[in-house]
Amino acid sequence: MTTGEEIKSVAPVKLALEGVSKTFRTRRASVHALDNVSLDVREGEFVCLFGPSGCGKTTLLNIIAGLELPDSGRVTADGKPVTGAGSDRLVLFQESALFPWLDVMGNVLFGLKLKPKLKPKERQEVAEFYLKLVGLEKFTHANIHELSGGMKQRAALARALAPNPRVLLMDEPFASLDALTREQLYGDFQAIWEKRKKTIVFVTHNAREAVCLGDRVVLFSPHPGRVQEQFAIGLPRPRDINSVDLAKYATEITRALKRDLKPDLHEVAE
Amino acid sequence: MKRWLPIILFFVALVVAWEWLVRAGMWSRVLVPAPSEVGKYLIASVANGTLLKASWVTLKRLVLGYLAGFVLGHSLGILIARFKFFKNTIGLLALGLQSLPSICWAPLALLWFGQTETAMFFIVIMGSVWSIALATDAGVRHVPPLYVWAARTMGSRGVHTWAKVILPAALPFIVSGMKQGWAFAWRSLMAAEIYITILTGFGLGHLLHYGRELHAMDAVLGIMIVIIVIGLLTDKLLFSPFEKFIHRRWGTEKE
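All of these numbers come straight from a predicted model, not from anything done at the bench.

**Digging into the overall build of chain B**
Part 1: Assigned secondary structure in chain B consists of eleven helices and zero strands.
Part 2: Its helices and strands in sequence order give chain B the pattern α-α-α-α-α-α-α-α-α-α-α, from N to C terminus.
Part 3: Over its C-alpha atoms, taken along the principal directions, chain B stretches across nearly 70 × 55 × 30 Å.
Part 4: Counting only residues that meet the buried cut, chain B has 35% of its 255 residues in that class.
Part 5: Relative to all contacts within chain B whose residues are 6 or more apart in sequence, the contacts with residues 24 or more apart total 71%.

What follows is the structure, encoded as structure tokens:
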């Protein structure tokens, strides 16, 4: 067990969160989603936010994305305060959020077309490159509804990677897939990440997934969402989700989570 | 060809049965003229130009009125969907006026514009604008917020988001609203042409009206057939391509 301080690397801080709090108020109730969350993510680091459902992980991701604003606290990307959504921080949502009125190629081109510096031919080439990277080169003109769940997430990944964002924010992108597809994607996704080093913040409620992918796993506790503990994952890559070493880490993290959750254990999602 | 065979057979059978019923004396010629008589009327009126001229007058009114209703309806629909103020005001008004058959506007239209093309134009617009506005509003409202979020993280903003995300996502709703608007415009215009005489041009509705006055049921039926054919053609030519695109892309096609 280590803290974020010990995961020293030479890379500069890419994302900095200082004392971020957020409360959602509806007419009936108010939900304290995040309480004084501080977190640094370094350039090129793969950080997994792990915790049970309802611990504010997704809210935190949306705040980093600039889709929601915190009630208090500061979020900076490259030292600049985050005031809104920006194409330097792309989000991969739980459901693919692919646009059904465009084909696969059209979807991947969407973000690229918002980059005025690129020529149409360059856009096409970039899109083709990323579709090949995720293994969808034969499906460039398929309609979205024709893709399987795994292929949809691959297409969404290509769409998110194509505009070359510096930060990729992923909200349980593999949660709705079947186990076989998911294992396949863990392998492929690690290979892609090795090739295109990005800073990644990855939300999950699956401990093994967190350990398999992350350089660091940040454990959240719920009600209100807080950073409970941080774990550096020193396993060599690529990692096999079924390896014994990985399971040991996952067990340790799950135990820490349960220790913390005693009063409302039934809410553990995993 | 296989697809066409049953269609052709069906209509031929229909016409033959009809002709036979009249000739056998089971249907009175006075009440229902035979298809051969209707055909004779159609050929004669095409030959002397009245039918084509009337169709042209009617279609011009319909297309112009519908286009204006379409542009207006879309703009209103977007305003209603975008601003709460418009939802509570224009939105409610649209809901009310949509349920009003637009021929009810005829007395006022005549008073305001006289027996002119403008009166017709007004009635057709009133017939189509509200359902198009409400369909656009409903479509925009049903766009999953996730699409907008995804677009925003890719750098899309304001007008770009509307043009490239919200309106395309609402397309299935918008097209069905356009179809409904077209049907309402068509009905309104027919009612108006039968009901009001406009001095600047005689449309299909007027021909129908005179057919009634002269008790020329062959003319009435012939014009009814022309109206049906025009309706079918616009559906197939104007809306089918859109619907096919939607079915293909969204995967809602039933095989």
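Further notes follow.
**Some thoughts on the overall build of chain A**
Part 1: Each helix and strand counted, chain A has seven helices and ten strands in total.
Part 2: Taken against the 2.2 N^0.38 rule, which gives 18 Å for 270 residues, the C-alpha radius of gyration of chain A at 18 Å falls within 12% of a compact globule.
Part 3: When the backbone C-alpha atoms are referred to their principal axes, chain A occupies close to 55 × 45 × 40 Å.
Part 4: Within chain A, the proportion of its 270 residues that are buried is 43%.
Part 5: Relative to all contacts within chain A whose residues are 6 or more apart in sequence, the contacts with residues 24 or more apart total 71%.

**Considerations on the confidence of the model for chain A**
Part 1: The predicted model of chain A has a mean per-residue pLDDT of 86, with 93% of residues at 70 or higher.
Part 2: Predicted confidence in chain A is weakest over helix H5 (residues 179-195) of chain A, with a mean pLDDT of 85, and strongest over helix H2 (residues 104-113) of chain A, with 94.

**A look at the interface of chain A and chain B**
Part 1: With 21 residues of chain A at the interface, the matching set in chain B holds 16 residues.
Part 2: Secondary-structure elements contributing two or more residues to the side of chain A that touches chain B are strand E6 (89-92) and H2 of chain A.
Part 3: At three residues, the largest contribution of residues to the side of chain A that touches chain B is made by E6(A).
Part 4: Partitioned by chemical class, the residues of the side of chain A that touches chain B number 13 nonpolar, five polar and three charged.

**Describing the domain arrangement of chain A**
Residues and elements named next belong to chain A.
Part 1: Annotation of chain A at the domain level lists domain 1 (4-88 + 165-267) and domain 2 (94-154).
Part 2: A separation of 26 Å is found between the C-alpha centroids of domain 1 and domain 2.
Part 3: The interface is formed by twelve residues belonging to domain 1 together with ten residues belonging to domain 2.
Part 4: No other element matches H5, which puts four residues into the side of domain 1 that touches domain 2.
Part 5: The class makeup of the residues in the side of domain 1 that touches domain 2 is six nonpolar, three polar and three charged.

**A word on the environment of Cys55(A)**
Residue and element names in this part refer to chain A.
Part 1: Along the chain, the position of cysteine 55 falls in the loop between strand E3 (46-50) and helix H1 (57-65).
Part 2: Expressed as a C-alpha distance, the spacing of cysteine 55 and valine 218, which sit 163 residues apart in the sequence, is 12 Å.
Part 3: Here cysteine 55 is in contact with Phe220, Ser221, Pro222 and Gly225, once residues within four sequence places are set aside.

**Quick word on helix H3 (residues 120-133) of chain A**
Residue and element names in this part refer to chain A.
Part 1: Between the first and last C-alpha of H3 there are 20 Å, a value that for 14 residues agrees with the 20 Å anticipated at 1.5 Å per step.
Part 2: For H3, every residue scored as buried is listed here: Val126, Ala127, Tyr130 and Leu131. In a view along the axis of H3, the buried residues occupy a sector of 135°, so they form one face of it. Projecting away from the buried face of H3 at angles above 90 degrees are the exposed residues Lys121 and Glu122.
Part 3: Glycine 135 sits one or two positions beyond H3 and adopts a positive phi of about 80°.

**Brief notes about the packing of helix H3 (residues 50-82) of chain B against helix H4 (residues 84-98) of chain B**
Residue and element names in this part refer to chain B.
Part 1: Running from N to C, H3 and H4 point in directions that differ by 135°, and their axes come no closer than 8 Å. For the element pair H3 / H4, the angle class is oblique. Here H3 and H4 pass one another in a crossing that is left-handed. Seen from H3, the contacting residues are Leu76, Leu79 and Ile80; seen from H4, they are Phe86, Lys87, Ile90, Gly91 and Ala94.
Part 2: Of the residues belonging to the contact of H3 with H4, the class tally is six nonpolar, one polar and one charged.

**Description of the sheet that holds E6(A)**
Residues and elements named next belong to chain A.
Part 1: Read from one edge of the open sheet, six strands run E6-E7-E8-E3-E9-E10, paired in mixed fashion. Looking at strand neighbours, the two that pair on one side only are E6 and strand E10 (226-232), the edges of this open sheet. Sheet twist, expressed as the average angle between the axes of neighbouring strands with direction ignored, equals 20°.

**Some details on the sheet that holds strand E2 (residues 30-42) of chain A**
Residue and element names in this part refer to chain A.
Part 1: If you trace the four strands from one edge of the open sheet to the other, you get E2-E1-E4-E5, paired in antiparallel fashion. Pairing within the sheet leaves two strands with one partner each, and these edge strands are E2 and strand E5 (80-81).
Part 2: By the bridge criterion, two bridges tie strand E4 (residues 72-77) to E5 in an arrangement that is antiparallel. Residue pairing across strands places threonine 76 opposite proline 81, the latter belonging to E5.

**Focus: the nonpolar core**
Part 1: By size, the foremost hydrophobic cluster in this structure holds 121 residues, and its most contacted members are Ile253(A) and Ile123(B).
Part 2: Tallying contributions element by element places helix H6 (residues 117-141) of chain B first for this core, with 14 residues.
Part 3: Looking at which domains feed residues into this core, each of domain 1 (4-88 + 165-267) and domain 2 (94-154) of chain A supplies at least three.
Part 4: Residues within four places of Ile123(B) in sequence aside, it is in contact with Ser102(B), Ile103(B), Trp105(B), Ala106(B), Ala109(B), Ser188(B) and Ala192(B).
Part 5: Val38(B), Leu51(B), Leu207(B) and Leu208(B) belong to the second largest nonpolar core, which has 13 residues in total.

**Considering the pairing of E2(A)**
All names here are of chain A.
Part 1: Where strand E1 (residues 13-25) meets E2, nine bridges bridge the pair, whose relative direction is antiparallel. Opposite valine 20, over in E2, you have valine 37 as the bridge partner.
Part 2: Adjacent in sequence and paired antiparallel, E1 and E2 are bridged by four residues.

Procedures and definitions
Every chain is numbered on its own, with residues counted from 1 as its sequence reads. The order in which chains are written sets their letters, starting at A; the order in which ligands are written sets their numbers, starting at 1. Totals for whole chains, interfaces and linings use all residues, but because this is a predicted model, local features are given only for residues with pLDDT of at least 70 and pairs of side-chain atoms are given and counted only at 80 or more. Each helix is a run of H or I in the DSSP string that is no shorter than four residues. Each strand is a run of E no shorter than two, and both are numbered from the N terminus. Exposure criterion: with C-beta atoms placed from backbone coordinates, a residue whose C-beta has 20 or more other C-beta atoms within 10 Å is buried, one with 12 or fewer is exposed, and one in between is partly exposed. Residues are treated as contacting if the C-beta atoms built from their backbones sit within 7 Å of each other. We compute the radius of gyration over the C-alpha atoms and compare it with the globule rule, which gives 2.2 Å times the number of residues raised to the power 0.38. Values of pLDDT, which run from 0 to 100, indicate the predictor's confidence residue by residue. The residue classification treats Ala, Val, Leu, Ile, Met, Phe, Trp, Tyr, Cys and Pro as nonpolar and Asp, Glu, Lys and Arg as charged. All others, Gly included, are polar. Note: domain ranges come from an automatic or database domain assignment. For a helix, the expected span equals 1.5 Å multiplied by the number of residues minus one. Along the arc lie the directions from the helix axis toward the C-beta atoms. With axes taken as lines fitted to C-alpha atoms, and helix axes fitted only over the stretch in contact, angles between N-to-C directions fall between 0 and 180 degrees. Here roughly perpendicular refers to angles of 65 to 115 degrees, roughly parallel to angles under 35, roughly antiparallel to angles over 145, and oblique to all remaining angles. In this scheme, a crossing is called left-handed if the near helix is turned counterclockwise away from the far one by less than a right angle; it is called right-handed if the turn is clockwise. For two strands to be treated as a pair, DSSP must find at least two bridges joining them. The term nonpolar core refers to a group of buried residues, namely Ala, Val, Leu, Ile, Met, Phe, Trp, Tyr and Cys, whose C-beta atoms join them within 7 Å.

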